[in-house]
Amino acid sequence: MPNSLIAVFPGSFDPPTNGHLDLIARGARIANHLIVAVLQNTQKNALFTTAERSEMLKECVAHLPNVEIDSFDGLLVDYAAHRHAHIILRGIRTISDYETESQMALLNHRMRPETETIFLTASAEHTFLSSRMVKEIITLGGDASPFVPEPVMRQLRGRFPTAKR
Ligand code: PNS
């Protein structure tokens, strides 16, 4: 049993939202070391590159000394093994999240039994929030500023100069 708890918080983070940041801050209070692992670009319709997402996240977590930003491709359990992490941290907002997340957790556990997935319930004010909705709001000219941290909003304004602010 490791005496230093290393956890991985994986995701697409395209873009990071206030919901992600809330989970990262809470995860950083649980783990000794929290690795936020950005899934390397696989989607054709991604808004930001892996490097851009990582840079935004670094700025957002600069005040959290035990949080590291990294990226990965391939299987999450292989990445977790490579980083000596025994915990995968994921957030759950809704029942439909629970369905997909529990399936993923079971598969990951079957592939690497040393890895446990821990779920954090999304904070009430973020249960309706997703990167996909943020993208939809901003591409349709709406104001995404209530939903994303300032470093992310700055990048979004750069991409969508005509969006509301
Ligand atoms: O933010 P997302 O898009 O909900 O994150 C999904 C993510 C990155 C956690 C998931 O797609 C993933 O782990 N991908 C890596 C490939 C993998 O291990 N797939 C098998 C999971 S059963």
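Trainee: Any details on the site of the ligand? Residues and values, ideally.
Mentor: As a matter of local geometry, the ligand sits amid Pro10, Gly11, Ser12, Leu39, Phe72, Gly74, Leu75, Leu76, Arg90, Met104, Leu107 and Asn108. Between the ligand and Ser12 there is a distance of 2.6 Å, counted from an oxygen atom to a side-chain nitrogen or oxygen. Leu76 is positioned such that a nitrogen or oxygen atom in its backbone is 2.8 Å from an oxygen atom of the ligand. For the ligand, whose unbound accessible area comes to 550 Å², protein coverage reaches 69%. Looking at the shell around the ligand, the elements with two or more residues in it are β1 (6–11) and α4 (95–111). The element best represented in the shell around the ligand is α4, accounting for three residues. A class-by-class count of the residues in the shell around the ligand yields seven nonpolar, four polar and one charged.

Trainee: A description of the pattern of salt bridges should follow, citing residues and the corresponding values.
Mentor: Going through the model one piece at a time under the given rule, you end up with 12 salt bridges. Between Glu55 and Lys58 there is a salt bridge, with its nearest N and O atoms 3.8 Å apart. Taken as a pair, Glu55 and Lys58 lie in helix α2 (residues 50–60) at a separation of three residues, close to a single helical turn. A residue is classified by how much of its surface remains accessible, and Lys58, at 41% relative accessible area, is partly exposed. We note a salt bridge from Glu150 to Arg154, for which the minimum N-O separation is 3.9 Å. Here Glu150 and its partner Arg154 are both found in helix α6 (residues 150–159), four residues apart, which amounts to about one turn of the helix. Glu150 sits in the partly exposed class, given a relative accessible area of 43%. The structure contains a network of salt bridges with shared partners spanning Glu59, Glu150, Arg154 and Arg157.

Trainee: Tell me about the sheet that holds strand β2 (residues 33–39), residues and numbers included.
Mentor: Read from one edge of the open sheet, five strands run β3-β2-β1-β4-β5, paired in parallel fashion. If you trace the sheet from one side to the other, it starts and ends with β3 (67–72) and β5 (116–121), each paired once. Each strand of the sheet is rotated relative to its neighbour by a mean of 30°, with strand direction disregarded. The pairing of β2 with β3 spans six bridges and is classified as parallel. When the sheet's bridge partners are listed, Val36 is paired in β3 with Ile69. Lying on the sheet, α4 is in contact with β4 (87–92) and β5; it crosses β4 at an angle near 170°.

Trainee: Give me unusual backbone geometry: which residues, what numbers.
Mentor: In this chain, Asp14 is followed by Pro15 through a cis amide linkage whose omega measures 0°. Tracing the sequence through the fold places Pro15 in the loop between β1 and α1 (18–30). We note that Phe13 has phi near 50°; this positive angle belongs to a residue other than glycine. In this structure, Phe13 sits in the loop between β1 and α1. Residue classification places Phe13 among the buried residues on the basis of a relative accessible area of 2%. Despite not being glycine, His84 shows a phi value in the positive range, around 55°.

Conventions we followed
Residues numbered from 1 in each chain as written. Predicted model: local features only at pLDDT ≥ 70, side-chain atom pairs only at ≥ 80, totals over all residues. Heavy atoms only, no water. Near = heavy atom within 4 Å. Polar contact = N/O pair within 3.5 Å; in protein donor to acceptor, adjacent residues only side chain to side chain. Areas by Shrake-Rupley, 256 points an atom, 1.4 Å probe, with all protein chains shown as cover. Helix = DSSP H or I, 4+ residues; strand = E, 2+ residues; numbered from the N terminus. Nonpolar A, V, L, I, M, F, W, Y, C, P; charged D, E, K, R; others polar. Salt bridge = Lys/Arg side-chain N within 4 Å of Asp/Glu carboxyl O. Buried < 20%, exposed > 50% of the residue type's maximum accessible area, 1.4 Å probe, protein only. Pairing = 2+ DSSP bridges. Axes fitted to C-alpha atoms, helices over the stretch in contact; angles between N-to-C directions. Contact = heavy atoms within 4.5 Å.

The values are spatial; any link to function lies outside them.
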